[in-house]
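# Descriptive analysis of the structure
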Amino acid sequence: MRTVPWTARAVWIVLPVATTLLSMVTMTAAATSGVRWMLREPIALGWLLLFCTWLTAVVVTKRHRPVFTVALAPVIALVTLVAAVSGACTWVGFTLSEAALNDYAHAVVAGTAGEGQKRVGLFTVTSPQRLTQGGVSFAIAGSGSFLSLERYGMAYLPKGADDGGEFDELDRHLGGDWYLWMTD
């Protein structure tokens, strides 16, 4: 009868758990559009350390590798990468924050929202502006790319996307009266 050392078992339990936790942090940060979110938290370093740990565990525990758990960490990482790059995290973040965003938009229209950065749902917003026909626009802090000046924001357009042509740079429809915009 072959005995498996406790350290080999512990590694293959801890790695998927650590991958799942880092995946949740990554997807929460990826709710902000663009790729700048990778620098905001030590996400890239976390994934690098996790990969090195996984690779070391594969080499060191050669005799005691449970096939399912060896593959679990890379599968979780791949699903996270696809979700973060595809924009699914932004859509989920918007869906979870839609009620708070609606309240904030109505406060901006009423003139009761303050200036500066404010946390609204999962997003940190800045530069709120009232638009004609009851619309609102604001930038998302920490969005965009670290190699260019692109910046993302959201627009609440109750009359629709073509309500006077105030926005030429609408990127996509998020849901309801909400749109994502981008500037370079």
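Computed from a predicted model, the values in this text were never measured in an experiment.

Another aspect to go through is the environment of Arg 151. Inspection of the secondary structure puts Arg 151 in strand β4 (residues 151-156). Given the relative accessible area of 35%, Arg 151 is considered partly exposed. Taking the C-alpha atoms as reference, Arg 151 lies 5.4 Å from Thr 183; in sequence the two are 32 residues apart. Excluding anything up to four places from it in sequence, Arg 151 contacts Thr 126, Ser 127, Ala 139, Ser 143, Trp 181, Met 182 and Thr 183.

Quick look at the confidence of the model for the chain now. In this model, the chain carries a mean pLDDT of 80, and residues with pLDDT of at least 70 account for 80%. The spread of mean pLDDT over the elements of the chain runs between helix α2 (residues 37-40), the lowest at 62, and helix α5 (residues 88-110), the highest at 89.

Before going further, it helps to examine the side chain of Thr 90. Within the secondary structure, Thr 90 is located in helix α5. A polar atom in the side chain of Thr 90 sits 3.2 Å from the backbone oxygen of Ala 31.

In this structure, Leu 101, Tyr 104, Phe 123, Phe 138, Met 154 and Trp 178 are the most contacted members of the largest nonpolar core, which totals 20 residues. For this core, the elements supplying multiple residues, two or more each, are α5, β2 (123-130), β3 (136-140), β4 and β6 (178-183). It is α5 that contributes the most residues to this core, six residues altogether. Setting aside residues no more than four positions away along its own chain, Phe 123 makes contact with Ala 31, Thr 32, Thr 90, Gly 93, Phe 94, Ser 97, Leu 101, Lys 118, Ile 140 and Met 154. Of all hydrophobic cores here, the second largest spans nine residues; its members include Leu 15, Leu 22, Trp 54 and Val 58.

Here is what the cut-offs are and how they apply
- Residues numbered from 1 in each chain as written.
- Predicted model: local features only at pLDDT ≥ 70, side-chain atom pairs only at ≥ 80, totals over all residues.
- Heavy atoms only, no water.
- Helix = DSSP H or I, 4+ residues; strand = E, 2+ residues; numbered from the N terminus.
- Buried < 20%, exposed > 50% of the residue type's maximum accessible area, 1.4 Å probe, protein only.
- Contact = heavy atoms within 4.5 Å.
- pLDDT = per-residue confidence, 0-100.
- Polar contact = N/O pair within 3.5 Å; in protein donor to acceptor, adjacent residues only side chain to side chain.
- Core = buried A, V, L, I, M, F, W, Y, C linked by side-chain atoms within 4.5 Å.

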